[in-house]
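Structural overview for review
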Amino acid sequence: MPKLLLVNGPNLGILGRREPEVYGTDTLADIEGAVAAEIADRGWELVAVQRNCEGELIDHIQDNYDTVGAIVNPGALMIAGWSLRDALANYPRPWVEVHLSNVWAREAFRHDSVLAPLASGLIAGLGATGYVLAARALLTMVEG
Ligand code: DQA
């Protein structure tokens, strides 16, 4: 069964009780369920990982080169996650960067992503819906 990789970085494991006015009230389990539902009709299975450590995220990316594509919310690693960037540079399939919040409407330190130039696309500011839209984009981008 084809598998889609969903990667969430630091502090995203506590969604639902993390600054809900910024990140919404959906938990990570809610988001994973919504993405899994979105890809189910195509016969894709979701492989979801959340880690607070950059190195562990890299391990999971390297272990999942056989996935059809990926959705990545790097959290604050977007700002200076150079090792994560290099891991994604070697990820062989299309991937979409997602941010729940509109990072450009926030503090200046959130305005640059070292990952975004490598992504097929980027969705920000649409909350949990952004992950579902990223899945939908990958469904159209990926054959099979
Ligand atoms: C985030 C935005 C980042 O700036 C922040 O560090 C996060 C979450 C988002 O989804 O809006 O952890 O990636």
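Residues numbered from 1 in each chain as written. Predicted model: local features only at pLDDT ≥ 70, side-chain atom pairs only at ≥ 80, totals over all residues. Heavy atoms only, no water.

Quick notes on the site of the ligand
Neighbouring the ligand are the residues R18, Y23, N73, G75, A76, H99, L100, S101, V103 and R110. One nitrogen or oxygen atom from the main chain of L100 is found 2.7 Å from an oxygen atom belonging to the ligand. A distance of 2.6 Å separates an oxygen atom of the ligand from a polar atom in the side chain of S101. Expressed as a share of its isolated accessible area of 330 Å², the protein-covered part of the ligand is 99%. Its residues assigned to classes, the shell around the ligand shows four nonpolar, four polar and two charged. (Near = heavy atom within 4 Å. Polar contact = N/O pair within 3.5 Å; in protein donor to acceptor, adjacent residues only side chain to side chain. Areas by Shrake-Rupley, 256 points an atom, 1.4 Å probe, with all protein chains shown as cover. Nonpolar A, V, L, I, M, F, W, Y, C, P; charged D, E, K, R; others polar.)

As for helix 3 (residues 54–62)
Those residues of helix 3 that sit buried are L57, I58 and I61. Projected down its long axis, helix 3 shows its buried positions confined to an angular sector of 100 degrees, all on one face. For helix 3, the elements touching its buried residues are strand 1 (3–8), helix 4 (77–80) and helix 5 (82–89). (Buried < 20%, exposed > 50% of the residue type's maximum accessible area, 1.4 Å probe, protein only. Helix = DSSP H or I, 4+ residues; strand = E, 2+ residues; numbered from the N terminus. Arc of directions from axis to C-beta. Contact = heavy atoms within 4.5 Å.)

Overview of the environment of T129
Tracing the backbone through its elements, the reader meets T129 in helix 6 (residues 129–141). By relative accessible area, T129 is classed as partly exposed at 47%. Remark: the alpha-carbon pair of T129 and D41, spanning 88 residues in sequence, is separated by 18 Å.

Examining unusual backbone geometry
One non-glycine residue, N11, lies in the positive phi region at around 75 degrees. Relative to the helices and strands, N11 resides in the loop between strand 1 and helix 1 (20–23).

Comments concerning helix 5
In an α-helix there are 3.6 residues to a turn, and that puts residues three or four apart on one side. The complete set of buried residues in helix 5 reads L84, A87 and L88. Buried residues of helix 5, seen end-on, are gathered within an arc of 95 degrees and therefore sit on one face of the element. In helix 5, the exposed residues that point more than 90 degrees away from the buried face are W82 and D86. Where helix 5 is buried, its residues meet helix 3, strand 3 (69–73), helix 4 and strand 4 (95–99).

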